[in-house]
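Single-letter residue listing:
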Amino acid sequence: MDVTEPFLADLNSKHTRYGLLERSPVSSWIKHALCGFALLNILIFCLNLFLIFNTNSVAARLIPGPDGSFRDLNDPDDVLSFVPHADNARKVIDGRLFTLNTTSAWDLVGPPSPTTDALWDELSAEGHEIILVNASTLRQAGYDPAKYFSAPLSWNFGPDMYPVQIDVFHQIHCLDVLRKHAHFDRYFPDGKTDWQHFGHCLHILLQNIQCHADLELIPHRWVEKDPVPFAQFSIGKRCRDFGAIKEWNLVHSRNVTHAMWQSSRPLEESVIWPGYGEGS
Ligand SMILES: *[C@@H]1O[C@H](CO)[C@@H](O)[C@H](O)[C@H]1NC(C)=O
Ligand SMILES: *[C@@H]1O[C@H](CO)[C@@H](O)[C@H](O)[C@H]1NC(C)=O
Ligand SMILES: *[C@@H]1O[C@H](CO)[C@@H](O)[C@H](O)[C@H]1NC(C)=O
């Protein structure tokens, strides 16, 4: 793609030059040379078109694009405005390392129990993943509605409504999957698990952490109970209001049951993506 713009600009400037040259007296060998040069240019142009087309189809095989939310991080209107995200809230990250088991966070990250499971289900919006958006919201998020699944009329959400989930809840689901694998015997008593699901989750979280690549600084200081300088993992950050997003999602989520997914069928006009729609 990087080649196209300079090339096209070059081609345009040559067109202008030919136009000027045609009106000036030019000897015939120059005309022939120019003709050959023009032909060569057309060939290069065709080759470029081929390469551009090919590059795009390679990308399409690797990622489910060109659709996708490539939104501008610095655009104040970036986040879809219908979700109240209240970003920029001042939060302090709880980075306790040696005293975490004395806090209520231990219910979340300590040994598993029904309390722990319920907390993770709530955080990951388990059973409340699905919200419905209209075609213009889907387009605003960067997706071509013609290529995506809209809820069948029998689901009673009205026409042209698209089931979606908000990414943060899938990411928390993935963290929960990792947590469950750390307590393998409890969650997989028959000793079996889907390692692709585990790997998918590890991969999702890695890529998202890399994507955000937080640049806050973690300093060190002398502490009473450690003979070497100890890192201060508890630091201040500007954050989205996750609680507000979770509340909004809970209120707006719709109950799409397993049976509803199972009984849905493609329409004649439905786009069927190759493979699993995510490249081979
Ligand atoms: C927390 O863990 C430490 C060991 O790291 C242990 O000595 C202490 O008893 C635990 N406290 C509680 C409240 O479980
Ligand atoms: C969704 O509906 C099903 C069947 O009506 C019900 O069993 C389930 O509890 C509901 N789930 C939620 C989250 O409301
Ligand atoms: C689509 O949904 C958004 C968010 O709920 C709403 O603001 C907008 O008016 C809707 N557009 C149409 C065409 O219904």
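Going by the structure above, here's the rest.
What this report covers is the structure whose coordinates are included nearby. Predicted model, so just to flag it, every value in this text is computed and none were measured. (Residues numbered from 1 in each chain as written. Chains lettered and ligands numbered in written order. Predicted model: local features only at pLDDT ≥ 70, side-chain atom pairs only at ≥ 80, totals over all residues.)

Our focus in this paragraph is the overall build of the chain. Per the secondary structure count, the chain includes 10 helices and six strands. Out of the 280 residues belonging to the chain, those deemed buried represent 6%. Across the chain, contacts joining residues at least 24 apart in sequence account for 68% of those joining residues at least 6 apart. (Helix = DSSP H or I, 4+ residues; strand = E, 2+ residues; numbered from the N terminus. Buried ≥ 20, exposed ≤ 12 C-beta atoms within 10 Å, placed from the backbone. Contact = placed C-beta atoms within 7 Å.)

A word on the pairing of strand S3 (residues 161-164). Here S3 shows one buried face, formed by Met 161 and Pro 163, and one open face, formed by Tyr 162 and Val 164. Of the strand pairs in this sheet, strand S2 (residues 131-134) and S3 are connected by four bridges, and their pairing is antiparallel. When the sheet's bridge partners are listed, Asn 134 is paired in S3 with Met 161. (Pairing = 2+ DSSP bridges.)

Within the structure, ligand 3 sits among Phe 82, Asn 134, Ser 136 and Thr 137. For the shell around ligand 3, the residue count by class is one nonpolar, three polar and no charged. (Near = placed C-beta within 6 Å. Nonpolar A, V, L, I, M, F, W, Y, C, P; charged D, E, K, R; others polar.)

As a further point, take the environment of Phe 169. Examined against the element boundaries, Phe 169 turns out to sit in helix H6 (residues 167-182). Measuring from C-alpha to C-alpha, the distance between Phe 169 and His 128 comes to 9.5 Å, with 41 residues separating the pair along the chain. For Phe 169, the contacting residues outside a window of four places in its chain are Ser 124, Ala 125, Glu 129 and Asn 249.

With that settled, consider the packing of H6 against helix H8 (residues 195-212). The contact between H6 and H8 brings their axes to 9 Å, and the two run at 125 degrees. By the criterion of interaxial angle, the relationship of H6 to H8 is oblique. Viewed along their axes, H6 and H8 form a crossing whose handedness is left-handed. Contacts from Gln 171, Cys 174, Leu 175, Val 177, Leu 178 and His 181 in H6 reach His 197, Phe 198, Cys 201, Leu 202, Ile 204, Leu 205 and Asn 208 in H8. Per-class residue counts for the contact of H6 with H8 are nine nonpolar, four polar and no charged. (Axes fitted to C-alpha atoms, helices over the stretch in contact; angles between N-to-C directions. Parallel < 35°, antiparallel > 145°, perpendicular 65-115°, else oblique. Left-handed = near helix turned anticlockwise from the far one by under 90°.)

Quick look at the environment of Val 83 now. Its place among the elements puts Val 83 in the loop between helix H2 (28-62) and strand S1 (89-92). In sequence terms Val 83 and Trp 248 are 165 residues apart; their C-alpha atoms lie 7.1 Å from each other. Excluding residues that lie within four positions of it along the chain, Val 83 makes contacts with Ile 166, Ile 245 and Trp 248.

Glancing now at unusual backbone geometry. Unusually for a residue other than glycine, Asp 160 sits at a positive phi of about 60 degrees. With respect to the secondary-structure elements, Asp 160 resides in the loop between helix H5 (135-140) and S3. Asp 160 gets classed as partly exposed once you count the C-beta atoms within 10 Å, which come to 15. A positive phi angle, near 35 degrees, is found at Ala 213, a position not held by glycine. Inspection of the secondary structure puts Ala 213 in the loop between H8 and strand S4 (220-223). Note on Ala 213: 6 C-beta atoms within 10 Å, which makes it exposed.

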